[in-house]
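# An overview of the molecular structure
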Amino acid sequence: MKLSSSAASALALALLAAAPAFAQQAMDPTFAEHQKAWTTKPEFSSPLVDHLPASAPGGVPSPRDALGHDIGAPRVLDHYADLLKYYRALAAKSPRVKIVETGKTEEGRPTVVVLISSDANIAGLEANRKNLARLADPRGLSETDAKAIVARTKPMYVALGGLHSAETGPPEMLMELAYRLVTEDSPLIQKIRANVIVGINPATDPDGRDRYTDWYDRNKIDDTDDLNPVPGAPYWGKYIFHDNNRDINYTGLSARNLLSFYLDWHPPVMHDLHESVPFLYTFSGQAPQNPSLDPILFGEMPWIANFEMAKLTGYGMPGVWTHGYVDAWSPGYVGFMSTNHNGLFKMYETFGNGGATTELRHVKPVRGPGESDGGNNQTKRDWFRPSPPYKTVEWSMRNNTNYMETGVLTGLQAVSENPQLIVENFYKKSRNAIESGRKDAPYAFIIPGDQPDMTRAALVVNLLRQQGIEVGRTTADVTLKEGKVPAGSFIVKRDQPYGRLAKILLEKQTFPDNKLRTYDDSAWTMGMMAHVKVTPSADLKALDVATTPVDQDRPQGTIGAPAAPAYAVLDHGSINLATLRYRLKGERVRIAEQGFKAGQTDVPAGSFLVDGKAYETLKAAGVPLGLTAVALTEKPTVASHEAALPRIAVYSTWGSTQNVGWVRYAFDQFETPYDLIFKDEVKKGGLRARYDVIVMPSQV
Ligand SMILES: [Zn+2]
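In this text the structure is predicted, and so the values were computed from the model without any measurement.

Turning next to the sheet that holds strand β29 (residues 675-677). Spatial ordering of the open sheet is given by β29-β28-β30, a layout of 3 strands whose pairing is parallel. The open sheet terminates on both sides in strands that have one partner only, identified here as β29 and β30 (693-695). Taking the axes of each pair of neighbouring strands and ignoring which way they run, one obtains an average angle of 30° across the sheet. Across the sheet, helix α21 (residues 658-669) touches β28 (648-651), β29 and β30, and the angle it forms with β28 is around 155°.

And the structure:
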């Protein structure tokens, strides 16, 4: 339809009246029309997201310019390449955008963080990054100097979405948020641009984003039955599924890349965007809280969450709540990389349909099977849920976008109105972490260097290093209250910026209060998990022990002199023995059934016995694996059996792939080949002829 000129000017006037604060800026009428049409009830929108600046030809492109649709369009999900295409188009046209490349996923997709702020802030990014790094490690910084740095430093606020690939809204919403932050001239957006550097991680599991989008387009796009939905994709990323948010050791590459970014840029605030409960839940760090974390954090989290709840409820949006859902006990969520490193964490659950199809949703009164009403009744009013979500509701992708974007803009508002407080708190939490390591025992953790299998110690050390935790190696024997620490031991001193995280990961995990329940409580004590001796030290002298810093520990093995009749590869429990067996594929390897002596060396039962002819192969394979092979003066006579090389299959159902993924990951890491088989293979029969072992990981 063509508008007459008088109708057009009436429309223009109406738009001006609707947006008086930045009336000079032209808005996009098509966007406004779509936004209104795709929002299922007026109260599911807000004045922050019912408009979008118009783009000019050749100027900064709107999402519709680059993707062909406005955000929140029914039945439309974008693949990861299209997300990147949009952000790159934005960066190409605006000095307010800079893209930081952070690495690649398992399947080769690039991972990025898109930084957005004022022209001046983007021009000064490097200086700001250095300031935040200085505040993140304030050792040797006087209070006066710290104050001066705080005064000239902008907080960074990094939003991440799409860690869980079935939660499809956040990666869409973030593109509109980016465009709005770059282009809109409302006082709120101007203030955010001036006072905050916003980071966007477009999809935290890029491989899963594409796999899920394909699945949605093929299988779910016409599904509107929320009581009996078509299941989601059986795999997201290459290995793990929903557990990628319990990946405490950052095995997933996209999460690991984000952690590297974090440790380089030190954003004081991270905001992880999920989807599940209605309509918008904003995390505030309820009990049980990890007692090793800084008390300041537990003031900050509910402060911003309550600000958001007050603002969104004030806009008339129902169903915004906090508190009664997720707690602050586990250190294992990806977004907790911020709180684990003295930052501030925010998390949302926004109501989502598992895709972009508009559906009539029936809100379950309780969250999950077996859960009683104790605050979980999602449609009931409670002190932390003063305006409960509706029992049934027609829900759209645009509703999801409206809630989440309004929420994130409001979180950004809180930070932009208090930028110095956020940066100052970040500094104080970092400073307090170092001080707590000198005040509160244990002051250090010792990983003794004389443990029979140092490959597992290396695993612990390298995971700590990946988290930015400093580890030193002792240069001489020292004696502490707990006993002798031999030279070559590892020591993790607590008077360091990430000393709190070291304590959480290394001390024996003790649930704080048995009257409480927790959202997640997996075992994480690293020494126990890896069968490595880790000794806490209550001796303040531990902080003064001379050490050399460890970057990554790669213990090299040893092998006895060449030309021996045989070699014994000592079995002290290293999993690398599995890798070695497959690297020695062409060789005969036997396993000692009893321990015996080889000169001065005790050879334990379970050790590999390898023929002397295999010396070169054994050396090349075993030394980099950190294994010890001793030369035997004669062929071994100890009882032994062949170390078979079984042909392995891993069985997977189509529906529950989570634990199968972890098993596949472990096999791949340790170079153990296998076939992944499904029920079709089983139905075909003849498995015995093809496989010696079929592994069936738990898949309920
Ligand atoms: Zn999630």
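Under ideal tetrahedral coordination, the four donors around a metal are separated by 109.5 degrees; under ideal octahedral coordination, the six donors are separated by 90 or 180 degrees. Protein coordination at the zinc ion comes from His-164 (ND1), Glu-167 (OE), Glu-167 (OE) and His-274 (ND1), with a distance range of 2.0 to 2.3 Å. For the zinc ion, the 4 donor atoms in the first shell make angles of 58 to 147° at the metal, a pattern classed as irregular. Considered as a linear motif, the donors of the zinc ion on their single chain read H-x2-E-x106-H.

As a further point, take empty space enclosed by the protein. Under the defined criterion, the tally for this structure stands at 6 cavities of 30 Å³ or more. There is about 180 Å³ of room inside the largest cavity. Taken together, 17 residues make up the lining of the largest cavity; nearest its centre are Glu-106, Asp-205, Ile-240, Asn-244 and Gly-252. Counting residues per element, the lining of the largest cavity draws most heavily on helix α11 (residues 253-265), which supplies 3 residues. Residues of the lining of the largest cavity, tallied by class, amount to 6 nonpolar, 6 polar and 5 charged. Approximately 70 Å³ is the volume found for the second largest cavity. Along its surface, the second largest cavity is lined by 13 residues, and Leu-293, Ala-328, Ser-330, Phe-336 and Thr-339 are the ones closest to its centre. For the lining of the second largest cavity, the elements supplying multiple residues, two or more each, are α12 (295-314) and α13 (337-340). For the lining of the second largest cavity, the per-class residue count stands at 9 nonpolar, 4 polar and no charged.

The subject of this paragraph is the environment of Ser-430. With respect to the secondary-structure elements, Ser-430 resides in helix α15 (residues 419-439). Judged by relative accessible area, which is 0%, Ser-430 ranks as buried. As for Ser-430 and Tyr-390, which are separated by 40 residues in sequence, their C-alpha atoms are 42 Å apart. Apart from residues lying up to four places away in sequence, Ser-430 is in contact with Leu-135, Ala-136, Pro-138 and Asn-342. Of note is the side chain of Ser-430, whose polar atom sits 3.5 Å from the backbone oxygen of Leu-135.

Rules used throughout
- Residues numbered from 1 in each chain as written.
- Predicted model: local features only at pLDDT ≥ 70, side-chain atom pairs only at ≥ 80, totals over all residues.
- Heavy atoms only, no water.
- Pairing = 2+ DSSP bridges.
- Helix = DSSP H or I, 4+ residues; strand = E, 2+ residues; numbered from the N terminus.
- Axes fitted to C-alpha atoms, helices over the stretch in contact; angles between N-to-C directions.
- Contact = heavy atoms within 4.5 Å.
- Donors = N, O, S within 2.8 Å, 3.2 Å for Na, K, Ca; no water.
- Tetrahedral: all angles 85-135°; square planar, octahedral: opposite > 155°, others 65-115°.
- 1 Å grid on protein atoms, 1.4 Å probe; cavity = no way out; pocket = protein on both sides within 12 Å on 5 of 7 lines; lining within 4 Å.
- Points joined across faces, edges and corners; volume = space filled by probe spheres on them.
- Nonpolar A, V, L, I, M, F, W, Y, C, P; charged D, E, K, R; others polar.
- Buried < 20%, exposed > 50% of the residue type's maximum accessible area, 1.4 Å probe, protein only.
- Polar contact = N/O pair within 3.5 Å; in protein donor to acceptor, adjacent residues only side chain to side chain.

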